[in-house]
Amino acid sequence: MVALLEDVAQRFYIPDNRFANHARVKHFDELASRASGRKKFDYEYQKAVELLRAGKPEEAAKLFEKLHKELPQIAYSFTPKDVGLADKLEADIAQAYLRFGEQENCLINHTSASCIFPIASAGFHQLPTGSRKAIAHYTALLTRNPDALQYRWLLNIAYMTLGEYPHRVPEKWLIPIETELEHPVARFEEIAGDLGVDVNDISGGSILEDFDNDGYLDIMASSYGLRDQIHFFHNNGDGSFSDHTEKVGLKGITNSLNMTQADYNNDGFIDVLVLRGAWFEQQGKQPNSLLQNNGDGTFTDVTAEVGLLSFYPTQTATWSDFNNDGWLDLFIGNETSDKFTPNPCELYLNRRGRFVDVAKEVGIELNQYVKGVTSGDFDNDGWQDIYISTLYGQNYLFRNLGLGKSEQLRFEDVTAKAGLDKPMMSFPTWFYDYDNDGWLDIFVSGFKFSSDPSVSYNVAAEYLGLPNDAEKARLYHNNGDGTFTDVAEKMGINKALYTMGSNFIDIDNDGWLDMYLGTGDPSFESLIPNKLFRNNAGKGFQDVTTAAGVGHLQKGHAVSAGDIDNDGDQDIYTVMGGAFEGDNYRNALFKNTYQESTPSTNNWVTIKLEGTKANKAAIGTRLKMTITDQGKRRILYRDINSGGSFGASTLRAEIGLGQASKIDKLEITWSGSNKTQVLENIAVNLFVQITEGSKEVKKLDIQKLNFQKTKSAHDVHHAHFSAHQQ
């Protein structure tokens, strides 16, 4: 696989690849050197664009400025398409300087407060040149274009980086940003740098999981560049992490936008699926990797030998036991567009550790631009169903019809019947029971690419209460009769979110599932905060981003939730950075301070499930918990899975219980066998293990961790540039 990935990098790191930015700088420089007049101008403009995308914003700004001065010299060549070219160039200059300021202050002189919106004193830029120049240019642009909300938004951000928001922002261009803690929650602390897990790269995937079964969650993080190394951080169980990438055998395993985990061979050790090729289009025919956990602290790539080697562009997949035989199957959503050859989705049935693609036979060989997939039993019939999110057009709900007379698995497209056929452009998605009524609901976030109006234009419009054309998020409530109703507006999340990576989490252990959303799009202009929404007892979602201190302005990709310090509340690891080589940023680890900072804290339990007839990791298994919370009977529902479709949370069930002093009754419906196991009077604030068929609730001796501060292992500015340029 290492050799195959290097071959992919050599073949696809070419100027035709829009993400090969260093190669494209060289390409347009060579073209410009042989051209003159308008052609030379255009090639130099493209070179400036690629310089910015390659992480050289100061060089880009200087070249944009040169071209701006040369406009009178090429006026003879102007056509109606060139209207606004002067403003476009000035906006490019402003954007390059704003990025230069971020690079100098937030990357090189990084602090845990850098780029956390609204920016506070610890995150103010100490080197003001970039933001100061950006302010001058955005001011000039707004003077000529007062309705250009994208410039207004970025002007406010630039002032904020200098500690001059709101008092120095001209009143006519001020955008009011919430600073009051309307819904107080415990604040999170960003500690990735302290622990040396702040990988400084571009967009990628992440997994929080206990890979060596020692009771402590490890971290895997990937990055999108063709030669970007996947990282493995081992939780040492003493408050520190060590980079074990080479030690576990991952050296040379590179290039992934997303990853997801499962125990595919039922050996009790969690394996990893690495997904590749998304967004690359013509260069997207890249192999995925299945990394087998050997149980001895190492991984082995077994992709080809288990039958999973294929070459389609993807970043999304879901593991589930679709035929109820006790072995996890795999659905992979691939990307198809009119621009390139169809890439059908794949559904692999697991034949005791070997896989066979049956997508066509079971009726689910879809050719769409798939960006998110999730599986769950939406109709409670004991068979795992599939929901598919696509970027262009319609999403799909496929109902699992089970095994027919010939033991043939079949799926039925019930999208229209379920009321889910309204067209939308969307990205991440998941099944979860947000209102604890026993029926799985669907969250899917809108993601509409647009340059006019831009992402920042629409976000600014939303802050100002103005109409915008962003694709809004949908929350489909399961009506329990095979149909769904969109309740996003009623629940307060029909917003311009531009969500990429995301996941659900219970931030305050109240038993209601909240969600953290990574935001942005490839444009450097898309400086918008990630969002945290608190579930208000199933009655609505409250935006608690500012109160929690998690409104990261850099591009938010994979989001993983898990109790990484074993103190009883869930923390968040998120991969930061954009699509282009120079849009790098340090990954963030947000430590939840709920348990230590909140009086009368809610209780919790963490359950590791072990299947016997069900798949060993118990993926797809459902938990029904009856509790007594402040004198009232409550029922909580959870499914075992890794959460959202972009970023993977731990497979152990970390459950908030409100003020309940015990779990009165726990009903476990095991995936595959669909047998229900009932246990009663389970203690709280413990780590326990439950094995299918056993009456024992085994207490695990897992210690709370006090994190140690260590020097970041990733202080070099985007070190993989050198590899790209070879």
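An unreviewed UniProt entry lists the protein under the name FG-GAP-like repeat-containing protein, with Pontibacter toksunensis given as the organism.

> Would you mind showing me how to read the sheet that holds strand 6 (residues 231-235) here?
The pairing of strands in a sheet happens through backbone hydrogen bonds and is either parallel or antiparallel. The 4 strands are arranged 4-5-6-7 in an open sheet whose pairing can be described as antiparallel. Looking at the sheet topology across the chains shown, the edges are occupied by strand 4 (206-209) and strand 7 (241-243). Going from strand to strand, the sheet's axes swing by 20° on average, the running direction of each strand aside. With 3 bridges connecting them, strand 6 and strand 7 associate as antiparallel partners. The residue bridging Asn235 from the neighbouring strand is Phe241, located in strand 7.

> I'm lost on unusual backbone geometry in this one. Help?
Most of the time, phi is negative for any residue but glycine, and the peptide bond is trans. With an omega of -10°, the peptide bond between Phe117 and Pro118 qualifies as cis. Each neighbour pair has its own omega, and for Tyr165 with Pro166 the value is 0°, a cis peptide bond. Here Pro166 shows up in the loop between helix 7 (149-161) and strand 2 (188-190). Located in the positive-phi region is Asn380, a residue other than glycine, with phi close to 55°. Judged by relative accessible area, Asn380 falls into the partly exposed class, the value being 35%.

> Would you take a moment to explain the environment of Val358 for this structure?
Examined against the element boundaries, Val358 turns out to sit in the loop between strand 15 (355-357) and helix 9 (359-362). Given a relative accessible area of 8%, Val358 falls into the buried group. For the pair formed by Val358 and Pro287, sequence separation is 71 residues and the distance between their alpha carbons is 19 Å. Non-local contacts of Val358, meaning those with residues more than four positions away in its chain, are made with Leu347 and Leu349.

> Can you walk me through the UniProt feature "domain: ASPIC/UnbV" (unreviewed entry) in the protein in this structure?
UniProt records the feature "domain: ASPIC/UnbV" (unreviewed entry) for residues 618-685 in the present numbering. Helix makes up 0% of residues 618-685 and strand 53%, with an end-to-end C-alpha separation of 22 Å.

> What's the story with the pattern of salt bridges in this structure? I'm lost.
Two side chains carrying opposite charge are able to pair once their charged atoms lie near each other. This structure, assessed with the given rule, holds 35 salt bridges. Residue Glu281 is joined to Arg18 by a salt bridge in which the shortest nitrogen-to-oxygen separation is 3.8 Å. Residue Glu281 is found in the loop between strand 9 (271-275) and strand 10 (289-293), and its partner Arg18 is found in the loop between helix 1 (2-12) and helix 2 (21-33); the two are separated by 263 residues along the sequence. A salt bridge links Lys448 to Asp469; the nearest nitrogen and oxygen atoms lie 3.7 Å apart.

> Quick question: what am I supposed to make of the environment of Gly215 here?
Along the chain, Gly215 turns up in the loop between strand 4 and strand 5 (218-221). Linking Gly215 and Thr300, residues 85 residues apart in sequence, is a C-alpha distance of 22 Å. Setting aside anything within four residues of it in sequence, one finds Gly215 in contact with Asp210, Asn566, Arg652 and Ile702.

> Mind showing me how you'd approach the sheet that holds strand 13 (residues 329-334) here?
Pairing is antiparallel in the open sheet, where 4 strands are placed in the order 12-13-14-15. In the strand order of this sheet, the two ends are held by strand 12 (314-320) and strand 15, each with one partner. Going from strand to strand, the sheet's axes swing by 25° on average, the running direction of each strand aside. As judged from the 3 bridges shared by strand 13 and strand 14 (residues 346-350), these two strands associate in the antiparallel manner. Considered in strand 14, the bridge of Leu330 is made with Tyr348.

> Mind showing me how you'd approach the nonpolar core here?
A general feature of soluble globular proteins is that nonpolar side chains tend to end up buried together. Counting residues in each nonpolar core, the largest one holds 116 residues, and the members touching the most others are Phe64, Tyr138, Trp153, Val197, Trp279 and Tyr573. Considering each element in turn, this core owes the most residues, 11 residues, to helix 5 (residues 85-108). In contact with Tyr138, other than residues within four places in its own chain, are Ala91, Ala94, Gln95, Leu98, Tyr151, Leu154 and Leu155. Ile207, Ile253, Val274 and Ala617 belong to the second-largest nonpolar core, a separate cluster that totals 33 residues.

> Can you walk me through the side chain of Gln542 in this structure?
Take Gln542: it is sitting in strand 27 (residues 541-543). Since its relative accessible area comes to 14%, Gln542 is described here as buried.

> What exactly am I supposed to notice about helix 3 (residues 37-53) here?
For an α-helix the count is 3.6 residues per turn, leaving residues at separations of three or four pointing the same way. Compared with an ideal rise of 1.5 Å per residue, which puts 17 residues at 24 Å, helix 3 spans 25 Å between its outermost C-alpha atoms and is within 8% of the ideal. Listed as buried for helix 3 are Arg38, Phe41, Glu44, Tyr45, Ala48, Val49, Glu50, Leu51 and Leu52. At its buried positions, helix 3 is contacted by helix 2, helix 4 (57-69) and helix 5. Looking one or two residues beyond helix 3, the residue adopting positive phi is Gly55, at roughly 95°.

> Looking at this structure, I do not really get the packing of helix 5 against helix 7. What am I missing?
Relative orientation of the contacting elements helix 5 and helix 7 amounts to 25°, with a least axis distance of 12 Å. Taken as axis vectors, helix 5 and helix 7 run roughly parallel relative to one another. Between helix 5 and helix 7 lies a crossing of left-handed hand. Residues Asp87, Ala91, Gln95 and Leu98 of helix 5 touch helix 7, and the partners they reach there are Tyr151, Leu154 and Ala158. Residue composition of the contact of helix 5 with helix 7, by class: 5 nonpolar, 1 polar and 1 charged.

> For this particular structure, what's the right way to read the side chain of Glu346?
Relative to the assigned elements, Glu346 resides in strand 14. Nearest to the buried, unbridged Glu346 among oppositely charged side chains is Lys285, at 10 Å. Within polar-contact distance, the side chain of Glu346 engages the side chain of Ser310 at 2.9 Å. Glu346 has contacts with Ser310, Tyr312, Leu330, Phe331, Ile332, Asn334, Asp357 and Ala359, leaving out every residue within four places of it along the chain.

> I'm lost on the packing of aromatic side chains in this one. Help?
How two aromatic rings sit relative to each other is set out by the distance from centre to centre and by the angle between their planes. Counted under the stated rule, the structure contains 32 aromatic pairs. Between Phe211 and Phe299, the ring centres sit 5.8 Å apart and the planes meet at 75°, which makes this aromatic pair edge-to-face. Remark: Phe299 occurs in strand 11 (residues 299-301) and Phe211 occurs in the loop between strand 4 and strand 5; sequence separation between them is 88 residues. The class for Phe211 is buried, based on a relative accessible area of 3%. Residues Phe378 and Phe484 carry aromatic rings whose centres are separated by 5.8 Å and whose planes lie at 45° to one another, so their mutual orientation is tilted. One end of the pair, Phe378, is in the loop between strand 16 (370-376) and strand 17 (385-390); the other, Phe484, is in strand 23 (residues 484-486), with 106 residues separating them in the sequence. We classify Phe378 as buried; its relative accessible area is 3%. One Lys or Arg, Lys172, reaches over the ring of Trp173 and ends 4.6 Å from the middle of that ring. Lying over the aromatic face of Phe524, Lys555 brings its terminal NZ or CZ to 5.6 Å of the ring centre.

How each quantity is defined
- Residues numbered from 1 in each chain as written.
- Predicted model: local features only at pLDDT ≥ 70, side-chain atom pairs only at ≥ 80, totals over all residues.
- Heavy atoms only, no water.
- Pairing = 2+ DSSP bridges.
- Helix = DSSP H or I, 4+ residues; strand = E, 2+ residues; numbered from the N terminus.
- Axes fitted to C-alpha atoms, helices over the stretch in contact; angles between N-to-C directions.
- Buried < 20%, exposed > 50% of the residue type's maximum accessible area, 1.4 Å probe, protein only.
- Contact = heavy atoms within 4.5 Å.
- UniProt positions renumbered as here; feature names shortened; annotations may be inferred.
- Salt bridge = Lys/Arg side-chain N within 4 Å of Asp/Glu carboxyl O.
- Core = buried A, V, L, I, M, F, W, Y, C linked by side-chain atoms within 4.5 Å.
- Expected span 1.5 Å × (residues − 1).
- Parallel < 35°, antiparallel > 145°, perpendicular 65-115°, else oblique.
- Left-handed = near helix turned anticlockwise from the far one by under 90°.
- Nonpolar A, V, L, I, M, F, W, Y, C, P; charged D, E, K, R; others polar.
- Lys, Arg positive; Asp, Glu negative; His and termini not counted.
- Polar contact = N/O pair within 3.5 Å; in protein donor to acceptor, adjacent residues only side chain to side chain.
- Phe/Tyr/Trp six-rings, centres within 6.5 Å; stacked < 30°, edge-to-face > 60°.
- Lys NZ or Arg CZ within 6 Å of the ring centre and 35° of its normal.

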